[in-house]
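As a plain string of letters, each chain reads:
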Amino acid sequence: MGLFFFLAVFTVWNINSGTIELSLKEIIRIIFQRQGEETAFHIIWEIRLPRIIACIVLGGALSVSGFLLQTFFANPIAGPFELGISSGAKLVVALLMISFLQKSKTVGSAAMILAAFVGSMISMAFVLLIAKKVKNMSMLIVSGVMIGYICSAITDFLVTFADDSNIVNLHNWSLGSFSGISWENVQVMTGVVVVSMILTFFLSKPISAYQLGEGYAQSMGVNIKAFRVTLILLSSVLSACVTAFAGPISFLGVAAPHLVKRLLKTSKPILVIPGCFLGGAAFCLFCDLIARTVFAPSELSISSVTAIFGAPVVIYIMIQKKQKV
């Protein structure tokens, strides 16, 4: 109930915040009656609402992706950004965008998601190879961070040599931003995330069994190999969808699931999965609100804001885990 409350508060706050102030009465008329001054109507329907919905959908998706990776690796600080998966997706999407922009062509939403998924799977393959060699989970996270830095360095190199007219858009996207989201983008990302969330929710019982150990899960009839592949694919699709439209977003995939578990005081997947989605959506809306308004009309990258609030949570998890050991 608390998660719904925070989500509702941040949604209303985002709609009512911006360089151009609108009264609550004007906003209600524009949203529910489709009436109002032309400029205000355009701001609400073409700029703020698509961006807010994207924050909700993609913030929730990234949080659930982090939860799935934490389940897979049995590590509370495993996440798409921390393991370099988001950076791999960013690299392949950047390659696609640059090649299309040089030919004066636009990249479709589906093509961007597919490119991001390919990049995610390439990075995940490297992470899994390292996981076979490294038993220490802390070293695995460090290796993931290194993979992320390598992919980000290559992406920055590519962006540097892109055409001048394309550099600004590519640079903003590569840092993480929800600006420029269209209704067409919203339709595609919502379709992908809804299907992925339904499939994830059906995995609630196998995840619950897997959390108690592989042996217990097998005794309950869980096909471990198929289950682990499904976790990887769903996590990669969700994180790829986020990177394709908003670029890499740091620490949200780790911080949001941890905060949700603490708030719900349970680790039952049937509650944590929807809780992670709502918590990630609220967290993302809050961070995007700060990114848009603190230094308006200039805008911060969403990844910078999520790092400010998410990194302390990750540090706390690491300290807590060390004390238990």
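This text gives an overview of the structure that appears in the document. (Residues numbered from 1 in each chain as written. Predicted model: local features only at pLDDT ≥ 70, side-chain atom pairs only at ≥ 80, totals over all residues. Heavy atoms only, no water.)

### A word on unusual backbone geometry
Phase 1: Residue Ala74 is not a glycine yet carries a positive backbone phi of 50 degrees.
Phase 2: Within the secondary structure, Ala74 is located in the loop between α3 (38-73) and α4 (85-102).
Phase 3: Taking the relative accessible area as the measure of exposure, Ala74 reaches 64% and is therefore exposed.
Phase 4: Even without glycine at this site, Lys265 takes up a positive phi of about 55 degrees.
Phase 5: Position of Lys265 among the secondary structure elements: in the loop between α12 (252-264) and α13 (269-293).
Phase 6: The class of Lys265 is exposed, set by a relative accessible area of 77%. (Helix = DSSP H or I, 4+ residues; strand = E, 2+ residues; numbered from the N terminus. Buried < 20%, exposed > 50% of the residue type's maximum accessible area, 1.4 Å probe, protein only.)

### Things to note about the packing of helix α1 (residues 2-15) against α3
Phase 1: Relative orientation of the contacting elements α1 and α3 amounts to 155 degrees, with a least axis distance of 10 Å. Comparing the axis directions of α1 and α3 gives the class roughly antiparallel. Seen along the crossing, α1 lies across α3 with a hand that is right-handed. Contacts between α1 and α3 pair Leu7, Thr11, Asn14 and Ile15 from the former with Ile44, Arg48, Leu49, Ile52 and Ile56 from the latter.
Phase 2: In terms of residue class, the contact of α1 with α3 is built from six nonpolar, two polar and one charged. (Axes fitted to C-alpha atoms, helices over the stretch in contact; angles between N-to-C directions. Parallel < 35°, antiparallel > 145°, perpendicular 65-115°, else oblique. Left-handed = near helix turned anticlockwise from the far one by under 90°. Contact = heavy atoms within 4.5 Å. Nonpolar A, V, L, I, M, F, W, Y, C, P; charged D, E, K, R; others polar.)

### Observations regarding the pattern of salt bridges
Phase 1: As enumerated under the stated definition, the model contains four salt bridges in all.
Phase 2: Measuring nitrogen to oxygen at the nearest pair gives 2.7 Å for the salt bridge that ties Glu299 to Arg51. With Glu299 in the loop between α13 and α14 (302-324) and Arg51 in helix α3, this pair connects stretches of sequence that are 248 residues apart.
Phase 3: Assessed through its relative accessible area of 8%, Arg51 is described here as buried.
Phase 4: Linking Arg228 and Glu214 is a salt bridge whose minimum nitrogen-to-oxygen distance equals 3.4 Å. Taken together, the positions of Arg228 in helix α11 (residues 224-246) and Glu214 in helix α10 (residues 214-219) put the pair 14 residues apart, joining distant regions of the chain. (Salt bridge = Lys/Arg side-chain N within 4 Å of Asp/Glu carboxyl O.)

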